[in-house]
Amino acid sequence: LLSLAESHSAAKNFGVTDGTEVLIYGSGPMGMALSLFCGLRGGHVTQIDKIQERLEMSKRIAKTEHVINSSVEDVDAVLSGKKFDVAIDIGGFTDIIYEASRHVKPGGKVGSMGVLRSNDLLVDTSRLQDNTSLHMLNFPYGEYAIMDETIALIEAGKVNPKDFYSHVLPYEKIDEAVKLTLSKQALKVILDFDA
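Note that the structure is predicted; figures quoted are calculated from it, not measured. (Residues numbered from 1 in each chain as written. Predicted model: local features only at pLDDT ≥ 70, side-chain atom pairs only at ≥ 80, totals over all residues. Heavy atoms only, no water.)

Draft legend 1. Quick look at the overall build of the protein chain. Looking only at helices and strands, the protein chain has 7 helices and 8 strands in total. Relative to its length of 195 residues, the protein chain is compact, with a C-alpha radius of gyration of 17 Å against a globular reference of 16 Å. The principal-axis extents of the C-alpha atoms in the protein chain amount to approximately 55 × 35 × 30 Å. When the 195 residues of the protein chain are sorted by exposure, 43% land in the buried category. At a minimum sequence separation of 6, the contacts of the protein chain that also span at least 24 residues come to 58%. Just so you have it, the protein chain exposes about 10,200 Å², and 52% of that area is on carbon and sulfur atoms. (Helix = DSSP H or I, 4+ residues; strand = E, 2+ residues; numbered from the N terminus. Rg over C-alpha atoms; globule rule 2.2 N^0.38 Å. Buried < 20%, exposed > 50% of the residue type's maximum accessible area, 1.4 Å probe, protein only. Contact = heavy atoms within 4.5 Å. Areas by Shrake-Rupley, 256 points an atom, 1.4 Å probe, with all protein chains shown as cover.)

Shown next, in the form of structure tokens:
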């Protein structure tokens, strides 16, 4: 529930409203949830990832309008000059931030959701497209304030928390949970302390 509220608050913090054109890099559980909440706020989402199965899940669960598999497709060729109001890096890489800035409209926003990798912490703003805003959301902001609205969307059947995890394991199998997550065999693992 907290992860869903974090993604919901991010969509709000990045300014997604009705008609906003959004480009999201990453379709793991948080990226897929972000796509869902951007769509629920009226945004039109294109999502990029290297794992086709996750992109297909995002289309099915989050109703993501367009997906690009960057492991087999040339992103620039597929986008064919299309520009977005907001482009969001969910993976935590400065190279994605720089690439994203090339795909926003003049005055557009590049969002960074999540913590940058420990060996990739410096953002060289000279590599950003001119007239671009950079919105760093290293830690969630407003996730508790939007919790009731998130719960209401769940109760209304617009969000199903079960769509955002793939495994439930007893706490004693935490090593297996970590391996499944790191190898991307699991979307997200829930640990059961009562098993």
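Draft legend 2. Fine view of unusual backbone geometry. Positive phi outside glycine occurs at Ser80, with the angle close to 50°. Position of Ser80 among the secondary structure elements: in the loop between helix H4 (75-79) and strand E4 (84-89). Positioned with a positive phi, Asn131 is a non-glycine residue whose angle comes to about 65°.

Draft legend 3. Representation of helix H5 (residues 94-102). Residues of H5 that are buried: Thr94, Ile96, Ile97, Tyr98, Ala100 and Ser101. Residues of H5 that are buried make contact with strand E1 (21-25), E4, strand E5 (104-113) and strand E6 (133-137).

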